[in-house]
Every structure is written in structure tokens, then in C-alpha cells.
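Summary of structural features
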Amino acid sequence: MAVGVFDLFSIGIGPSSSHTVGPMRAAAVFAEELKSSGALDRVASLRVDLYGSLAATGHGHGTMTAILLGLEGFHPELILPDEVEERLAAIAETGTLQLAGAVPLPYGVQDMVLRPLTILPRHTNGMTFTIFDAEDEILHTATFFSVGGGFIVREGEEDAARQQLEESKKELPLPFRTAAELLGRSQSKGLSIADIMLVNEKASRSEEDIREGLLHIWSVMEDCVQVSLKREGLLPGGLKVRRRAPDWHDRLLKEDKDRDPKYWQEWVNLIALAVNEENASGGRVVTAPTNGAAGIIPAVLYYALHYAPGMENATKEDRDDVVVKFLLTAGAVGVLYKEQASISGAEVGCQGEVGSASSMAAAGLAEVMGGTPAQVENAAEIAMEHNLGLTCDPIGGLVQVPCIERNAIAAAKAINAAKMALWGDGSHRVSLDEVIVTMRETGKDMSSKYKETAMGGLAVNVAVC
Ligand code: SF4
């Protein structure tokens with residue numbers, strides 16, 4: 001299917017879409033195949049090989065434990081945070097995995113084979129699952145790639161998947177691959193960017209379902225913030241990073257009782273921190289469009305709902321309209337990054353994760369603040385232009401430093417980008433397409449040290465102790 005808004009905003013668990021959500025999804029697909037192939041009855045042993053970035057930063061990103069859960073048959077969008085803890089504790093205690101929820105097999109994180117220096121041709125985030133019978137004969141094997149944002153591709157099916165994608169795009173009433181095409185459609189039909197996205201989404205579900213689905217996405221984002229604000233202490237992983245959101249929230253409640261607009265920045269920072277602290281602790285988040293960058297869109301949408309002109313007297317319906325419009329527009333821009341570049345930190349560095357999210361958020365904000373399609377495109381362009389070259393160098397391979405603060409900074413950049421675009425008339429020197437292509441090429445040239453391997457930058461210059 002063509003990439004849609006519900007692919008870019010999916011519900012999952014932290015801390016990483018490419019290293020947690022994607023691998024869990026791939027392992028769950030493998031487990032389902034075992035069930036339907038009948039091979040499950042003859043399984044005697046299992047082997048999991050992890051390649052490239054998954055092997056390099058998998059421990060910090062929860063890849064191995066996510067795979068264990070996927071092999072048990074759990075899916076990232078359905079598993080509850082309590083279930084995660086419960087099952088992982090049981091596996092650790094018994095040393096036994098319930099393969100496909102049915103066959104007990106002695107297996108744990110320590111049994112996985114890590115190949116950080118081996119990069120498979122399709123993508124750096126590769127993983128192979130193999131099961132054997134009692135004679136050590138292979139019963140079933142499959143290799144998957146986690147290509148960013150929780151999306152997975154199976155080895156050998158890349159061309160078929162690409163062809164299917166192209167075919168499905170033909171079914172869209174207003175397909176677009178580039179910002180130029182998107183603007184062209186908008187101009188010829190007299191529709192906003194959000195409207196174009198809505199028309200395309202309606203090819204696969206009703207308008208009512210789309211609205212309900214997007215409002216549900218926003219409610220999960222809000223819940224994530226509320227849960228995070230109640231949790232205190234250190235984030236897991238050994239870096240000793242303290243959760244700051246609960247304290248900041250208490251302080252804001254005291255200092256900003258009257259919701260003075262001068263505190264907008266502090267509230268935006270708070271939302272971004274809360275989401276990313278929850279993500280770092282493996283909690284329930286909305287991948288937007290990745291987990292590492294999950295705080296930016298909620299923080300900017302929060303700004304839109306609380307500080308955009310005219311929101312003081314908004315009804316519940318007006319506020320819901322803002323949420324729907326914002327997410328549709330951000331989704332349209334997300335499609336451009338998926339189509340022309342990448343949203344995977346392992347492929348193009350953090351510019352693909354935080355940069356894309358910032359650009360999507362800027363577009364969403366410009367749209368709900370009354371921007372023309374040209375101004376919306378300009379907002380998305382400004383936000384990405386000033387995230388170009390952003391590297392991925394998470395300390396200790398954990399999605400904590402620089403990721404958590406980086407979301408707050410990128411949210412502020414998105415707000416500024418939208419404001420700058422709205423003060424212009426939409427005409428500008430550098431197009432969004434030119435910036436997206438530049439992002440892709442910069443990512444290609446970037447050393448692998450800065451692409452989610454924790455082998456460069458802050459990851460090697462900051463002592464972990
Ligand atoms: S540095 Fe950026 S790309 Fe890398 S893990 Fe953190 S948020 Fe993701």
C-alpha cells in the first residue's frame with residue numbers, strides 16, 4: 001500500500017522505531033509464518049543474527065528484547081507496557097522463550113549472534129531468523145530489514161514490495177511523490193495540503209474513520225505525556241539520565257497558573273521531554289515518524305492548540321479540526337521524505353529522524369495557522385534546511401542523549417520555521433524538494449560512525465560511567 005498518514009503515525013513502544021518497533025514486527029511476522037507453515041511442531045532450536053546498526057546499538061535500543069517479544073507473537077501496536085515487563089522477566093527467569101506463543105525453547109538475549117561490522121546490501125538494519133529441527137536441518141529462515149519508522153522489508157521481496165507500492169499509488173486519486181507535485185495538485189484542485197492528503201486517505205477508509213483514527217493518535221500522544229509526568233527517577237540503561245519532565249511540570253503549574261503566553265516555550269519543551277523520556281523507558285508512544293523523534297509533533301501540536309491565534313475561544317470541535325488538519329499536513333510532508341529520502345537514522349543520520357519530524361511539524365503548524373500551500377511548503381523547507389547534516393550519535397547507544405533534548409530544540413525550530421514562512425508570501429529561494437534531495441545526499445556521504453552506530457560524535461567523546 002502507498003504510505004499514508006497511519007503508517008507515519010503508528011502506535012508502538014519505545015525506545016526506537018527502527019531498532020525496537022521494526023525488529024519486533026519482523027520477529028512477529030516470522031513467528032506467524034512458523035505457525036502457518038506447520039514447521040512449529042518440529043522446531044528444536046533457533047538462531048537470530050543481527051547485522052550492522054542493529055548489532056552495534058541494539059542493546060541500548062532494546063532490539064534484542066523486542067525480538068524476543070516478537071518471536072513470542074507480540075506486536076508493537078498491541079503489546080501493553082506491563083506485558084513487556086512481565087514477559088521479559090519470565091524469559092530472563094526461566095531462560096525459555098515461548099516461540100510463536102506455543103513452543104517453549106531455551107533462548108535469550110545472550111544467544112543472539114551480533115555482526116556489527118557486517119552490513120547487508122539492502123540496509124544496515126538487517127536481521128535473520130532461522131529455525132532448525134533436531135538434526136540441525138534448517139526448517140525455515142528469513143531475513144528482514146528495519147528501514148526506519150517501524151517499516152520492515154523482507155529480503156528478496158524488495159522489488160515486489162516496490163512494485164506493489166507503485167501499483168497502489170495508482171489507486172490514489174491525487175498521488176504525489178515530490179513537493180512540486182503536491183503543490184501542483186493543490187493548485188489545480190484548489191485544495192489545501194491537508195485536503196489533498198484527506199482525499200488520498202479516503203481511498204482506503206471513510207472520512208469518519210480517518211478523523212476518529214487521527215484523534216485516537218492524538219489521544220495516545222496525550223496519554224504518553226500524562227504517564228510520563230507521573231514517573232520520576234532515572235531512565236533505564238545505566239547512563240543515569242534523570243527524568244526532568246515531572247519536576248518541570250510541577251514548576252510550571254506553580255509559576256504559570258494563569259497560562260501566560262510568555263511561557264509557551266517552557267510548555268513546548270515539557271511536552272517534548274515528557275514524550276521522549278517515556279520513549280526512552282520503553283513506554284507506549286506514537287511513532288512520529290520515528291520513536292527517537294516522537295516528541296516533536298506532539299509538542300508543536302500542543303503549541304497549535306494552546307497558543308495559535310484564535311484558540312482561546314475554540315470549541316472541542318474546533319480543536320479536533322486542528323488536530324486532524326495538523327496531522328494530515330504533517331503526514332503529507334512525511335510522505336515526501338519517505339518517497340525521496342529516508343526517515344531512518346541508520347541510513348541518513350538524525351536529519352532523517354529529528355529533521356523530518358521538525359519539517360512535518362512546521363508544515364502542520366503553518367497549515368492550521370492559516371498558511372497557503374506555498375507557505376506550508378516553505379515552513380517544511382525551512383525546518384529541514386536547518387537540520388541538514390544532523391548526525392546520530394546516541395551515547396551508550398541509548399535514545400537519551402542527545403535525543404531527548406534534541407526533540408525540544410527541533411520543536412522550537414519547527415515553530416520558528418512556521419512563523420517565518422507565515423510572515424512571507426510563500427515565495428522562497430530554496431525549494432523543499434531541493435532540501436530533501438540534499439538531505440538524502442548528505443546522508444549518503446555521512447560516515448557510518450554518525451548513523452546510529454554509537455561509534456562517533458558524542459557517543460565516543462562522552463565518558464559513560
Ligand atoms: S540521535 Fe537522532 S537519529 Fe539518533 S537515536 Fe537519537 S533521535 Fe534517533
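Let us look at the structure shown here. Computed from a predicted model, the values in this text were never measured in an experiment.

Definitions and limits used
Residues numbered from 1 in each chain as written. Predicted model: local features only at pLDDT ≥ 70, side-chain atom pairs only at ≥ 80, totals over all residues. Heavy atoms only, no water. Helix = DSSP H or I, 4+ residues; strand = E, 2+ residues; numbered from the N terminus. Rg over C-alpha atoms; globule rule 2.2 N^0.38 Å. Buried < 20%, exposed > 50% of the residue type's maximum accessible area, 1.4 Å probe, protein only. Contact = heavy atoms within 4.5 Å. Areas by Shrake-Rupley, 256 points an atom, 1.4 Å probe, with all protein chains shown as cover. Lys, Arg positive; Asp, Glu negative; His and termini not counted. Charge placed at Lys NZ, Arg CZ, Asp CG, Glu CD. Near = heavy atom within 4 Å. Nonpolar A, V, L, I, M, F, W, Y, C, P; charged D, E, K, R; others polar. Salt bridge = Lys/Arg side-chain N within 4 Å of Asp/Glu carboxyl O. Pairing = 2+ DSSP bridges. Axes fitted to C-alpha atoms, helices over the stretch in contact; angles between N-to-C directions.

What follows deals with the overall build of the protein. The number of helices and strands found in the protein is 19 helices and nine strands. Taking 23 Å as the expected radius of gyration for a compact globule of 465 residues, we find that the protein reaches 22 Å, a close match to that expectation. Dimensions of the protein, computed from C-alpha atoms along their principal axes, come out at roughly 70 × 55 × 40 Å. Per-residue burial for the protein yields a buried fraction of 57% across its 465 residues. Taking all contacts inside the protein whose residues are at least 6 apart in sequence as the whole, residues at least 24 apart take part in 76%. For the protein, the accessible surface area stands at approximately 19,100 Å², while carbon and sulfur atoms represent 52% of it. Looking at the protein, you have 41 positive and 63 negative side-chain charges, and the mean spots of the two groups are 4 Å apart.

Right, let's get into the environment of Gly233. Residue placement: Gly233 occurs in the loop between helix H9 (207–229) and helix H10 (245–255). Sequence separation between Gly233 and Pro246 is 13 residues; the distance between their C-alpha atoms is 9.5 Å. For Gly233, the residues in contact, after removing those within four places along its chain, are Val241, Arg242 and Arg243.

Let us look at the environment of Gly101. Of note, Gly101 is situated in the loop between strand S3 (96–99) and strand S4 (103–106). For Gly101, a relative accessible area of 53% gives the class exposed. Sequence spacing of Gly101 and Leu71 is 30 residues, and the spatial spacing of their C-alpha atoms is 7.9 Å. Leaving out residues up to four positions away in the same chain, Gly101 has contacts with Leu71 and Glu72.

The environment of the ligand is formed by Gly292, Cys350, Glu353, Cys392, Cys403 and Arg406. When grouped by side-chain class, the residues that make up the shell around the ligand number three nonpolar, one polar and two charged.

So, about the pattern of salt bridges. Inspection of every chain in the model, using the stated rule, returns 16 salt bridges. Of the charged contacts, one joins Arg25 and Glu77 as a salt bridge, the two residues approaching to 3.3 Å between their closest N and O atoms. In this pair, Arg25 sits in helix H2 (residues 17–37) while Glu77 sits in the loop between helix H4 (63–71) and helix H5 (81–94), placing the two residues 52 residues apart along the sequence. Overall, the relative accessible area of 18% leaves Arg25 in the buried class. The salt bridge partner of Arg115 is Asp49, with a shortest N-O separation of 3.1 Å. Of this pair, Arg115 sits in strand S5 (residues 113–115) while Asp49 is found in strand S2 (residues 45–51), placing the two residues 66 residues apart along the sequence. Owing to a relative accessible area of 30%, Arg115 belongs among the partly exposed residues under this scheme. One connected set of salt bridges, linked through shared partners, spans Glu33, Arg154 and Glu157.

Looking now at the pairing of strand S8 (residues 151–154). Here four bridges tie strand S7 (residues 138–148) to S8, and the two strands are oriented antiparallel to one another. Across the sheet, the residue bridging to Gly148 is Phe151, located in S8. Counted between consecutive antiparallel strands, the loop separating S7 from S8 contains two residues, among which Gly149 sits at a positive phi close to 65 degrees.

Bringing the sheet that holds S7 into the picture now. One open sheet holds the five strands; their spatial order is S5-S2-S6-S7-S8, and the pairing between them is mixed. The open sheet is flanked by S5 and S8, the only strands paired with a single partner. Here the average twist between neighbouring strands, direction ignored, is 20 degrees. In this structure, strand S6 (residues 126–132) lies alongside S7, joined through seven bridges in antiparallel fashion. Bridged to Met127 within S7 is Phe144.

With that settled, the discussion passes to unusual backbone geometry. Cis geometry marks the peptide bond from Ala288 to Pro289; its omega dihedral reads -5 degrees. Locating Pro289 in the fold gives a position in the loop between strand S9 (284–287) and helix H12 (296–307). With omega at 10 degrees, the peptide bond leading from Val401 into Pro402 counts as cis. Looking at the element boundaries, Pro402 is found in the loop between helix H16 (373–385) and helix H17 (403–423). Positive phi, close to 70 degrees, is recorded for Asp136, a residue that is not glycine. Inspection of the secondary structure puts Asp136 in the loop between S6 and S7.

Such coordinate-based values are descriptive only and should not be taken to indicate function.
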